Amino acid sequence: MTQGERRTPARRTVLGAAGATALGASTALAAGTGTARAAEQQAAAPDRTPGRGHGYRSLPVPTVIGHRGASGYRPEHTLGSYRHALDLGAHVVEQDLVPTRDGHLVCRHENDITGTTDVADHPEFASRKTTKTVDGTALTGWFTEDFTLAELKTLRAKERIPGTRQENTLYDGRWTVPTFEEVLRWAEEEGRRRGREIWLHVETKHPSYFRSLGLGLEEPLAKLLRRYGRHRANSPVFLQSFEPSSIQRLAKLVDAPGVVLLSGASSRPWDFVEAGDPRTVADLVTPEGLAWIASYAQGIGPTLDLVIPKDASGRLGTPTTLVRDAHAEGLILHPYTHRNENAFLPADFRKGTDPTAYGDAFGALKRYLETGIDGIFSDNPDTALLAAADLAARD
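Attention here is on the structure that accompanies the text.

Conventions used here
- The residue numbers shown here count from 1 along each chain, following its written sequence.
- Per-residue local features are limited, in this predicted model, to residues with pLDDT of at least 70; the limit for side-chain atom pairs, both in listing and counting, is 80 or more; totals at the level of whole chains, interfaces and linings are taken over all residues.
- Side-chain numbers here rest on the full set of heavy atoms in the structure, without hydrogens or water.
- Among the buried residues, those of types Ala, Val, Leu, Ile, Met, Phe, Trp, Tyr and Cys that are joined through side-chain atoms within 4.5 Å form a nonpolar core.
- Only protein chains enter the accessibility calculation, which uses a 1.4 Å probe. A residue is then buried if its area is under 20% of the maximum for its type, exposed if over 50%, and partly exposed in between.
- Residue contacts are defined here by distance: any two heavy atoms, one from each residue, within 4.5 Å place the two residues in contact.
- Only DSSP runs of H or I reaching four residues or more are called helices, and only runs of E reaching two or more are called strands; each is numbered from the N terminus.
- A pair of strands is labelled paired if DSSP reports no fewer than 2 bridges between them.
- Fitted lines through C-alpha atoms give the axes, limited to the stretch in contact for helices. The angle between two N-to-C directions lies from 0 to 180 degrees.
- Convention used here: angles under 35 degrees read as roughly parallel, angles over 145 as roughly antiparallel, angles from 65 to 115 as roughly perpendicular, and any remaining angle as oblique.
- Handedness of a crossing follows from how the near helix is turned relative to the far one, being left-handed for an anticlockwise turn of less than a right angle and right-handed for a clockwise one.
- Any residue outside Ala, Val, Leu, Ile, Met, Phe, Trp, Tyr, Cys, Pro, Asp, Glu, Lys and Arg is labelled polar, Gly included; the first ten of those are nonpolar and the last four are charged.
- As used here, the arc is the angular range of directions from the helix axis to the C-beta atoms.
- The salt bridge definition used is simple: a Lys or Arg side-chain nitrogen within 4 Å of an Asp or Glu carboxyl oxygen.

## Some remarks on the nonpolar core
Next, step 1: Counting 83 residues, the largest nonpolar core has Phe180, Leu200, Leu221, Leu239 and Ile300 as the members making the most contacts within it.
Next, step 2: Discounting residues that sit within four places of it in the chain, leucine 221 has contacts with Leu97, Leu105, Phe180, Val202, Thr204, Leu239 and Leu250.
Next, step 3: Of all hydrophobic cores here, the second largest spans 10 residues; its members include Tyr56, Leu59, Phe238 and Tyr336.

Listed below in structure tokens is the structure:
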């Protein structure tokens, strides 16, 4: 089967709908995680249909989060990618937020837009190319904070990794960079059309860096959440950040559930670096660290390697106690990121030598979902939904 045949859009949509149906219909899914916490959630919220207004405990377990939309099939952080994630059945759609020079929040994974827009093709912006240090890393390119929103809207979005996802380049230039307010309006419209609330998973990117520029993210984000009624504890939105202080700041502004993102065990959140806090992620995933996170947040978003580490050959090893320990503190876990391509899979689930070809994504997902995680970020939400349905069918 050729790569193009494997990714026929109509086929993906049908499979995604099938996975979503299986998840919505199965009352055994949450209990199938094997944790008492999931069983309690099931009893407390028997209606597991996504977006029924019961807060985040009403979401199916495991929750499938469209990572930057359906970025395995469309250029990331575009309305096309977000819409396709919903079409495939994703329960939640993710946005990453960075600011423009005039303070508007826009959806980009990074403020460096060199690889995700056609800015390099605009001679009028050639002089804006520069080198900056963001969270300790030197980057050369074009940055959102150097553009007004009006200027940014003259650009078009494109595929970030065209060498890996060549088919996605078909959609280059179709969409602009969306503002978060546009996404909120879009979510309202989609909710009316689909008859359910549209859940969002919203990340503040490099919040300390932007605050140092006078472009704090949390206050304008909270203002927009209030304007669109997504500021309450049961609102259909998660707020996430790799900087715990950003979630702490947001917790003082709105009641929406917060999620602390956790990178590699030896890394330190950038706000810790700036504050001289010596703790690493390894400290934060101890029972003591998780209790500290639970004092102001409702969940964690660990890298998958914190759930099941890889050995020296890149193969999956033995799961850690992170799921058990986080659940003991009342925290949900939304690890990141599942992708179908060999290049992103553990070594024991790759097929062949082509890094862009699909590997045994279902085999890898089975290992991850069996740990009892509450959800997973996926570039391919239809694949994750089918894997979750497989898990439910076995229980």
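## Thoughts on the pairing of strand β7 (residues 237-241)
Next, step 1: Among the five residues in β7, five count as buried, and that is most of the element.
Next, step 2: Alternating positions in β7 separate into two faces, Val237, Leu239 and Ser241 on one and Phe238 and Gln240 on the other, with burial throughout.
Next, step 3: One ladder, built from five bridges, connects strand β6 (residues 199-204) with β7; its direction is parallel. Paired with threonine 204 across the strands is serine 241, a residue of β7.

## A look at the packing of helix α6 (residues 180-194) against helix α8 (residues 218-227)
How two helices sit against one another is set out by the angle between their axes and by the gap between those axes.
Next, step 1: At a closest axis distance of 11 Å, the pairing of α6 and α8 adopts a crossing angle of 20°. Between α6 and α8, the interaxial angle falls into the category roughly parallel. Taken as a pair, α6 and α8 cross one another with a handedness that is right-handed. Where α6 abuts α8, its residues Phe180, Glu181 and Leu184 lie against Leu221, Leu224, Leu225 and Arg227.
Next, step 2: The residue inventory of the contact of α6 with α8, partitioned by class, reads five nonpolar, no polar and two charged.

## Section: α8
Next, step 1: Among all positions of α8, only Glu218, Leu221, Ala222, Leu224 and Leu225 are buried. Each buried residue of α8 sits inside an arc of 160° when the element is viewed along its axis, so together they form one side.
Next, step 2: Taken from the residues just after α8, glycine 229 is the one with a positive phi, measuring 70°.

## Points about the pattern of salt bridges
Next, step 1: Following the criterion strictly, the structure yields 24 salt bridges and no others.
Next, step 2: Residue glutamate 110 is joined to lysine 205 by a salt bridge in which the shortest nitrogen-to-oxygen separation is 3.9 Å. Taken together, the residues glutamate 110 in the loop between β3 (105-107) and β4 (130-134) and lysine 205 in the loop between β6 and α7 (207-212) connect sequence positions 95 residues apart.
Next, step 3: Judged by relative accessible area, glutamate 110 falls into the partly exposed class, the value being 24%.
Next, step 4: Among the residues examined, lysine 205 registers a relative accessible area of 6% and is labelled buried.
Next, step 5: Note that arginine 211 and glutamate 219 form a salt bridge whose closest N and O atoms lie 2.9 Å from each other.
Next, step 6: One network of salt bridges, with partners in common, ties together Arg83, Asp87, Glu190, Arg193 and Arg194.

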